[in-house]
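Per-entry structural report
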Amino acid sequence: QVQLVESGGGLVQAGGSLRLSCGASGRTFSSSAMGWFRQAPGKEREIVAAINWDGSSFFKATSVRGRFTISRDNAKNTVYLQMDSLKPEDTAVYYCAARRSQQEIEVRSWAYDVWGQGTQVTVSS
């Protein structure tokens, strides 16, 4: 049984920062590529960032490149999304997702097997 729990969302002013954390239960985290997705009202879920099993490679969406950083600490079974220079268009529910026992990066949401409950990020003007 694998579960993901996101935390760190909240309300922040434009230009501010938040750090999202995703804690994973289970014993396969270190063998799993991870991703952060977001979904705003009326929009499709979209990839934000992804990281492979050991953190040696990563993907970031063009819209967040230079502002967001994805990282992981396998010893703590945790993946992070550091969000700096936040913009109102970053407002969304952010989801952590895992590809069970799949080590490499995937940007398509349907390729992920396990999802967290989501955490709301709201960026005000």
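Figured I'd write up the structure that's included with this text. (Residues numbered from 1 in each chain as written. Predicted model: local features only at pLDDT ≥ 70, side-chain atom pairs only at ≥ 80, totals over all residues. Heavy atoms only, no water.)

1. Quick look at the pattern of salt bridges
This structure, assessed with the given rule, holds five salt bridges. Between Arg-100 and Asp-113 there is a salt bridge whose closest N-O contact spans 4.0 Å. Separated by 13 residues along the polypeptide, Arg-100 in the loop between strand 9 (92-99) and strand 10 (114-115) and Asp-113 in the loop between strand 9 and strand 10 bring together distant segments of the chain. Judged by relative accessible area, which is 46%, Arg-100 ranks as partly exposed. Among the ionic contacts, a cluster of salt bridges with common partners joins Arg-38, Glu-46, Arg-67 and Asp-90. (Salt bridge = Lys/Arg side-chain N within 4 Å of Asp/Glu carboxyl O. Helix = DSSP H or I, 4+ residues; strand = E, 2+ residues; numbered from the N terminus. Buried < 20%, exposed > 50% of the residue type's maximum accessible area, 1.4 Å probe, protein only.)

2. A closer look at the side chain of Asp-90
Among the structural elements, Asp-90 can be located in the loop between strand 8 (78-83) and strand 9. Here the side chain of Asp-90 touches Lys-87 through a polar contact of 2.8 Å, landing on its backbone nitrogen. Setting aside chain neighbours within four positions, we find Asp-90 in contact with Arg-38, Arg-67, Phe-68, Ser-85, Val-121 and Val-123. (Polar contact = N/O pair within 3.5 Å; in protein donor to acceptor, adjacent residues only side chain to side chain. Contact = heavy atoms within 4.5 Å.)

3. Topic: the packing of aromatic side chains
Within the structure shown, the criterion is met by four aromatic pairs. Ring geometry for Phe-37 and Tyr-112: centres 5.0 Å apart, planes at 80°, overall edge-to-face. Of this pair, Phe-37 sits in strand 4 (residues 33-39) while Tyr-112 sits in the loop between strand 9 and strand 10, and the two are 75 residues apart along the sequence. Like Phe-37, the residue Tyr-112 is buried in the burial classification. Grouped by ring-pair contacts, the aromatic residues Phe-37, Tyr-95, Tyr-112 and Trp-115 constitute a single cluster. When the ring centre of Trp-115 is taken as origin, the NZ or CZ atom of Arg-45, which lies over that ring, is 4.7 Å away. (Phe/Tyr/Trp six-rings, centres within 6.5 Å; stacked < 30°, edge-to-face > 60°. Lys NZ or Arg CZ within 6 Å of the ring centre and 35° of its normal.)

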